[in-house]
Amino acid sequence: MTGTATTPGRRPLPPLGPNRTPPLPKAAERILDNGLRVIAIRRPSVPLVEIRLWLPFGKAPLPRAALLSQTLFSGTVTRTGVELAAELQAVGGGLSAGVDADRLLIAGAGLAAGLKRILELLNEVVATAAYPAGEVAVERDRLADRIQVALSQPAHLARTALARRMYGRHPYAEPTPGVDQVRAVRPTALRALHADRVHPAGAHLVLVGDVAPKRALDTAEQALGDWNGAGRQLQLPPAPEPRPAPLLLVDRPGSVQSSVRIALPAVDRRHPDHAALQLANMVFGGYFSSRWVENIREDKGYSYSPYSLVEHSVAGSALLLAADVATEVTAPALLETLHELGRLAVLPPGADELEQARQYALGTLQLGMATQAGLAGVATTYAGFGLPLEFLAEHSARLAAVTRDEVAAAATRYLAPASSLGVVLGDVDRIAGPVAALTPVELAGERR
């Protein structure tokens, strides 16, 4: 068999296409008389509608809040949990709840033709959830078991240790309730918390799907307009910025891996540095082609999936780094991490490197709103942070305009190794000496 030989080597990549501003879908918004803000967005790709209800839940006692989210749909004063589920399924729908230190989020989807019925059932739940003793007992045990399992996972332990080190007495310092705390919660406490905090004032309802936006607003007002609550909306205090401190070593005897977690200061989405910081993080460790990933994964094989991200919470933002490495290379991996943080300030990204990160960031934004569920998630997050949907286009334009010098300035300002606050969870007997040769360390439990 004969053929034309080809020259070995890499084929050149095709040129990147032009940056495109993400098109904003047709939307409408209304604040109901009871204070509920409703946002309806048309995305008719499939005959479904995504439903998201964000309720501010800052300062809610975490054990009660966690169990409330698990039992919210366990029954109302007129319907059992099974009956609720059957009613929702009859219109192709389903709803569930989750909670964190910022918000209680009710999320689900259903047939667009069943939107009115889904919202009527949602209104029944938020207005008259009953928290039956038997259902609460079952979910309490399940939640306690899940927490017990989480307490055996290194990633969870490392993140918790970092949160406590970052936030001190702030509510963000305890991302997970204790097992005994959850087991002590009773239905009366859930009913009291519901009456106090589950109310429409300050809440946001987002509807995305095959709907006419203004008609969807009318439907929401008919279904939820009589939801009323005399509870409270508490504001979280500002979260403290990560402050430089010795690296905290948390002992996990016999561990074959070390979990490295580092926090750095960041800015919120409204800040003029936000776009430049996002790209600086992308270049450093925010996606697979980043410098940090190339160094400690591709080149040296220290970690399988290191990553960094700018995490935004209602009370503050932080840049977080995470890597799990073999115990014997903990110190070398930490050295390379600090090296890459410092290198970004003195060696800004080249034109191609920056453009690749920019295209990835812009593409991720567009992919994030390409589906009904993705668009609902983005719109709900923005609403919870007080941002309009138009912020998507504004942020895209800022990302497209950020210069190399601005990225370098953001790296110098926010990614400086001297500003870091870190935790390493691992076998202290094996890692303490090598790590202490690189940076000041403190053993967990030393200061009591």
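Scroll up for the structure.
Our subject in this report is the structure included herewith. (Residues numbered from 1 in each chain as written. Predicted model: local features only at pLDDT ≥ 70, side-chain atom pairs only at ≥ 80, totals over all residues. Heavy atoms only, no water.)

**Observations concerning the pairing of strand 4 (residues 94-99)**
Where strand 4 meets strand 5 (residues 103-111), six bridges bridge the pair, whose relative direction is antiparallel. Bridge pairing in strand 5 links Ser96 to Ala107. Taking the residues that link successive antiparallel strands as the turn, the strand 4-strand 5 hairpin has three residues. (Pairing = 2+ DSSP bridges. Helix = DSSP H or I, 4+ residues; strand = E, 2+ residues; numbered from the N terminus.)

**Some points on helix 2 (residues 81-90)**
Among the residues of helix 2, Gly81, Leu84 and Leu88 are the ones counted as buried. Along the axis of helix 2, the buried residues cluster in a sector spanning 60°; they form a single face. Residues of helix 2 that are exposed and point more than 90 degrees away from the buried face comprise Val82, Gln89 and Ala90. At its buried positions, helix 2 is contacted by strand 4 and helix 3 (115-128). Downstream of helix 2 by a residue or two, Gly92 has a phi angle that is positive, lying close to 65°. (Buried < 20%, exposed > 50% of the residue type's maximum accessible area, 1.4 Å probe, protein only. Arc of directions from axis to C-beta. Contact = heavy atoms within 4.5 Å.)

**Brief notes about the packing of aromatic side chains**
Per the stated rule, a full pass over the model turns up five aromatic pairs. With centroids separated by 6.1 Å and ring planes inclined at 65°, the aromatic side chains of Trp54 and Phe385 adopt a geometry described as edge-to-face. With a gap of 331 residues between them, Trp54 in strand 3 (residues 48-56) and Phe385 in the loop between helix 13 (372-384) and helix 14 (391-401) connect regions that are remote in the sequence. Between Tyr167 and Tyr172 the ring centres are 5.4 Å apart and the planes differ by 75°, which places this aromatic pair in the edge-to-face class. Neither Tyr167 nor Tyr172 differs from the other in exposure class; each is buried. The positively charged end of Arg103 is found above the aromatic ring belonging to Trp54, 5.8 Å away from the centroid. Positioned above the aromatic ring of Phe57 is the side chain of Arg197, whose terminal nitrogen or guanidinium carbon lies 5.5 Å from the ring centre. (Phe/Tyr/Trp six-rings, centres within 6.5 Å; stacked < 30°, edge-to-face > 60°. Lys NZ or Arg CZ within 6 Å of the ring centre and 35° of its normal.)

**A closer look at the pattern of salt bridges**
All chains considered together, the criterion is met by 27 salt bridges. Here Glu87 and Arg79 are joined by a salt bridge, their closest N and O atoms 3.3 Å apart. The partner of Arg291 in a salt bridge is Glu353, and the shortest N-O contact between them spans 2.8 Å. Of this pair, Arg291 sits in helix 10 (residues 291-299) while Glu353 sits in helix 12 (residues 351-368), and the two are 62 residues apart along the sequence. Residue Arg291 is classed as buried on the basis of its relative accessible area, which comes to 9%. Here the residues in one salt-bridge network are Arg79, Glu87, Lys116, Arg117, Glu120 and Glu124, joined through shared partners. (Salt bridge = Lys/Arg side-chain N within 4 Å of Asp/Glu carboxyl O.)

**What about unusual backbone geometry?**
One non-glycine residue, Lys59, adopts positive backbone phi at about 70°. Take Lys59: it is sitting in the loop between strand 3 and helix 1 (62-71). Lys59 sits in the partly exposed class, given a relative accessible area of 46%. With a phi close to 50°, Tyr131 is a non-glycine residue in the positive phi region. Relative to the helices and strands, Tyr131 is located in the loop between helix 3 and helix 4 (133-150).

**Re the environment of Phe385**
Residue Phe385 is classed as partly exposed on the basis of its relative accessible area of 22%. Separated by 73 residues in sequence, Phe385 and His312 have C-alpha atoms that sit 9.3 Å apart. Here Phe385 is in contact with Trp54, Arg269, Arg270, His312, Ser313 and Val314, once residues within four sequence places are set aside.

**Quick look at the sheet that holds strand 1 (residues 27-31)**
Ordered by their spatial adjacency, six strands build an open sheet running 1-2-6-3-5-4, and the pairing between neighbours is mixed. Lying at the two open borders of the sheet, with one neighbouring strand each, are strand 1 and strand 4. Strand-to-strand twist of the sheet, defined as the mean angle between neighbouring strand axes without regard to direction, takes the value 15°. In terms of strand pairing, strand 3 meets strand 6 (residues 204-209) through six bridges, oriented antiparallel. Counterpart to Glu50 in the pairing with strand 6 is Val208. Packed onto the sheet, helix 1 meets strand 4 and strand 5 and runs at close to 175° relative to strand 4. (Axes fitted to C-alpha atoms, helices over the stretch in contact; angles between N-to-C directions.)

As far as function goes, none of this settles anything; it's purely spatial.
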